[in-house]
Amino acid sequence: MFLWGGAIAACQAEGGFGEDHKGMSVSDISFYDPHSDRVDLSKHSNITSELIEQALNADSTKGYPKRDGVDFYHRYAEDIALCAEMGFKVFRFSIAWSRIFPNGDEQEPNLKGLEFYDRVFDELEKHHIEPLVTLSHFELPLHIVNQYGGWKDRKVIEMFTNFAAVLFNRYKHRVRYWITFNEINAGRFATFKSTGIVEDRTENYLQDIYQAVHHQFVASALAVKLCHDIAPESKIGCMIARLTTYPATCHPDDIMQATLDDQYGNFFYMDVMVRGYYPSYMNRYFLENSIEIIKGEEDDAILRNNIVDFISLSYYVSSITTNDKERLKSLQQTEGNLTRGLKNPYLIASDWGWQIDPVGLRYSLNTIYDRYQKPLFIVENGLGAEDILEDDHKIHDAYRISYLKEHIKQMKEAIIDGVELIGYTPWSALDIISSGTSEMSKRYGFIYVDKDDEGKGTLNRYPKDSFYWYKQIIESNGADLHNW
Ligand code: BG6
């Protein structure tokens, strides 16, 4: 059965800030500044020591929208019931590390936090929806940032595996699909929320980033081992943000640049987690950039012996690349998921400058499947747009339907090409806080949440037109694409 569903993340949806002993996480530092350029991601991702200090001293959740999320913490039952109405077979969500281990380095878990997820699983089971659980979705406990410098400290591996073991033991009979790290290739582009490294606290930023990524690789492999030992019926996968990049021209140098971008941005991460070893092109990159990865004695064996069962990916955009400095000047910059790119004249973009490229999804699925021959799972794909809530509480989001329809068409083409695709969980099941900009008005959901950028609103949920459209897509197992 193909797994149709939708996705959210704890740090963008739950709220419940500080409730039931929850600790702070890296996402609780993300501020929303109504006066900043909402499109330019770099303005939002540059977290400094000063900003952390300010956030720690803030006496309310005001200005930090992820702390309140959309109150999934209290409204999960209603939200899951709506997902069930759409016919979801699977629901992707993350378990907030800082809810289970408020500081990250405790030995014993916070039972109150686990009890919340028990209730979420109960609700999913009631509606026969399968959970797809991400262990780490930009939710590193803040204490680990301040006390250990984030993932650059090797000790964090053990903290993470303790957390993972608690979840595998408790939920081994309830979860069939696990994901270790959301978009593990984000470390290079969205460093703070992915690794907890603060630029002004490090002397060699790039070195620390790759050291942190190495620790995440080892932690991911150890989580794979634990999962296979504790929950042998389950499957555990890796996840990357698929950064699809085409050469700007057919000049051989541009073709080579696109290959390098693919290696550094995508394949490096999958090669380690799917093949089980560091690819040779990264050794060259490390050498040329004076990066030295410090590995534990057992690390290579850990990576080799614990490869993932499936590959999951987010796919939103594509961009182009060139290595010609002159050509670069004539190309326009554009935004995208996690990182900026260059404008492709053949594509249109969303209001946030993310270039829309459905064919790029088929291309990406083929490219990844060709290389690894592992089952693939699209766990994020969608359109961030400003929706209008009409007086009759309807939301006419034809643009979202069109985006998803074109991507599903290409997904089907990829399946016909022979790609083993097991599921599709668009981003997002319901409107949640934007990860990149902390806005509310950048909406992705099938379900509208009545809340604005200032945090005002009833928090009521309303199905959008896309809700009814997607319901029909699921009912017909994707066949019913042309009637809309
Ligand atoms: C992915 C993340 O990068 O993109 C999600 O895994 C995020 O957490 C999604 O929400 C869309 O990005 P944004 O910045 O528009 O919310």
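What counts and how
- Along each chain, the written sequence defines residue order, and numbers are assigned to residues from 1.
- Side-chain atom pairs in this predicted model are given and counted only at pLDDT of 80 or more, local residue features only at pLDDT of at least 70, and totals for whole chains, interfaces and linings cover all residues.
- Hydrogens and waters are ignored; side-chain quantities use all the structure's heavy atoms.
- When a carboxyl oxygen of Asp or Glu is within 4 Å of a side-chain nitrogen of Lys or Arg, the pair counts as a salt bridge.
- For the purposes of this entry, the term helix denotes a DSSP run of H or I that reaches at least four residues, the term strand denotes a run of E that reaches at least two, and both are numbered from the N terminus.
- Here's how the labels work: a residue is buried when its accessible area is under 20% of the maximum for its type, exposed when over 50%, partly exposed in between, all with a 1.4 Å probe on protein chains only.
- DSSP-based pairing: two strands are paired if at least 2 bridges between them are found.
- Axis definition: a line fitted to C-alpha atoms, over the contacting stretch in the case of helices. Angles run 0 to 180 degrees between N-to-C directions.
- Note on definitions: a residue-residue contact is assigned when non-hydrogen atoms from the two residues lie within 4.5 Å.
- For each residue, the test is whether any non-hydrogen atom lies within 4 Å of the molecule or strand; if one does, the residue is near.
- Pairs of N or O atoms within 3.5 Å make up the polar contacts considered here, provided that, within protein, one atom can donate a hydrogen while the other can accept it, and that residues adjacent in sequence are counted only when both atoms are side-chain atoms.
- For the area figures, the Shrake-Rupley method with a 1.4 Å probe applies, and any residue is considered shielded solely by the protein chains shown.
- An angle below 35 degrees is read as roughly parallel, one above 145 as roughly antiparallel, one from 65 to 115 as roughly perpendicular, and any other as oblique.
- Crossings are assigned a handedness: left-handed for a near helix turned anticlockwise from the far helix by less than a right angle, right-handed for a clockwise turn.
- Cysteine sulfur pairs qualify as disulfides if the two atoms are within 2.5 Å.
- By convention, a crossover is right-handed whenever its connection, traced from the first strand over the helix to the second and viewed with the strands pointing away, goes clockwise.
- Classification of ring pairs uses Phe, Tyr and Trp, with its six-membered ring standing for Trp, and accepts pairs whose centres are within 6.5 Å; under 30 degrees between planes counts as stacked, over 60 as edge-to-face, and the remaining range as tilted.
- For a lysine, the NZ atom is tested; for an arginine, the CZ atom; a charge sits over a ring if that atom is within 6 Å of the ring centre and within 35 degrees of the ring normal.

Remarks on the pattern of salt bridges
Link 1 in the chain: Enumeration over the complete set of coordinates arrives at 32 salt bridges.
Link 2 in the chain: A salt bridge links Glu288 to Arg284; the nearest nitrogen and oxygen atoms lie 2.7 Å apart. With a gap of four residues between them, Glu288 and Arg284 both fall in helix H13 (residues 280-288), about one helical turn apart. Take Glu288 and Arg284: they sit in the same class, and that class is exposed.
Link 3 in the chain: A salt bridge links Lys464 to Asp387, with the shortest nitrogen-to-oxygen separation between them at 2.5 Å.

Quick look at the sheet that holds strand S2 (residues 90-94)
Link 1 in the chain: Around the barrel, eight strands lie side by side as S1-S2-S3-S4-S5-S7-S11-S12; this closed barrel has parallel pairing. Neighbour-to-neighbour, the strand axes of this sheet turn through a mean angle of 30 degrees, independent of strand direction.
Link 2 in the chain: Where strand S7 (residues 310-314) lies against strand S11 (residues 376-380), four bridges are found, and the strand directions are parallel. Counterpart to Ser312 in the pairing with S11 is Phe377.
Link 3 in the chain: The strands touched by helix H7 (residues 111-126) are S2 and strand S3 (130-136); relative to S2, the strand with the most contacts, the crossing angle is about 170 degrees.
Link 4 in the chain: Set on the sheet, helix H9 (residues 155-171) makes contact with S3, strand S4 (177-181) and strand S5 (235-241); between it and S3 the angle comes to about 165 degrees.

What about the site of the ligand?
Link 1 in the chain: Near the ligand, the surroundings consist of 14 residues, among which Gln12, Glu183, Gly436, Lys442 and Tyr444 are the closest.
Link 2 in the chain: Glu380 is positioned with one of its side-chain polar atoms (N or O) 2.7 Å from an oxygen atom of the ligand.
Link 3 in the chain: Taking Tyr444, its side chain carries an N or O atom lying 2.5 Å from an oxygen atom of the ligand.
Link 4 in the chain: Bound to the protein, the ligand loses 98% of the 370 Å² it would expose on its own.

Section: the packing of helix H17 (residues 398-417) against helix H18 (residues 465-475)
Any two packed helices are characterised by how steeply their axes cross, that is the angle between the axes, and by the distance between the axes.
Link 1 in the chain: Following both chains from N to C, one finds H17 and H18 inclined at 25 degrees, their axes separated by 9 Å at the closest point. On the basis of the axis angle, H17 is roughly parallel to H18. You can see that H17 and H18 cross each other, and the crossing is right-handed. Between H17 and H18, the contacting residues are Arg400, Ile401, Leu404, Lys405 and Ile408 on the first element and Asp465, Ser466, Trp469 and Ile473 on the second.

Considerations on the state of the cysteines
Link 1 in the chain: The final tally for this structure, using the stated rule, is zero disulfides.
Link 2 in the chain: Note on Cys11: no disulfide assigned, nearest cysteine sulfur contributed by Cys83 at a separation of 17 Å.
Link 3 in the chain: Cys11 sits in the buried class, given a relative accessible area of 9%.
Link 4 in the chain: Cysteine Cys227 is unpaired, with the sulfur of Cys238 as its nearest cysteine sulfur at 13 Å.
Link 5 in the chain: On the basis of relative accessible area, Cys227 is assigned to the buried category, the value being 0%.

Quick notes on the side chain of Thr437
Link 1 in the chain: Within the secondary structure, Thr437 is located in the loop between strand S12 (421-424) and strand S13 (447-449).
Link 2 in the chain: Relative accessible area serves as the criterion here: at 2%, Thr437 is assigned to the buried category.
Link 3 in the chain: Among the polar contacts made by the side chain of Thr437, one reaches the side chain of Ser434 at a distance of 3.0 Å.
Link 4 in the chain: Within the structure, Thr437 has its side chain in polar contact with the side chain of Glu439 (distance 2.5 Å).

A closer look at the pairing of S12
Link 1 in the chain: Taken together, the two bridges between strand S1 (residues 3-7) and S12 define a ladder with parallel strand orientation. Residue pairing in the sheet places Leu3 in a bridge with Gly423 of S12.
Link 2 in the chain: Relative to S12, S11 is paired through three bridges, and the arrangement is parallel. Residue pairing for S12: Leu376 is matched across the bridge by Leu421.
Link 3 in the chain: Considered for its hand, the β-α-β crossover made up of S11, H17 and S12 is right-handed.

Re the packing of aromatic side chains
Link 1 in the chain: Enumeration over the complete set of coordinates arrives at 43 aromatic pairs.
Link 2 in the chain: Three or more aromatic residues link up through ring pairs in this structure, and these residues are Phe72, Tyr73, Tyr76, Phe91, Phe93, Phe116, Tyr117, Phe121 and Tyr171.
Link 3 in the chain: Over the aromatic face of Phe116 sits the side chain of Arg99, whose NZ or CZ is 5.7 Å from the ring centroid.
Link 4 in the chain: The positively charged end of Arg371 is found above the aromatic ring belonging to Phe267, 3.9 Å away from the centroid.

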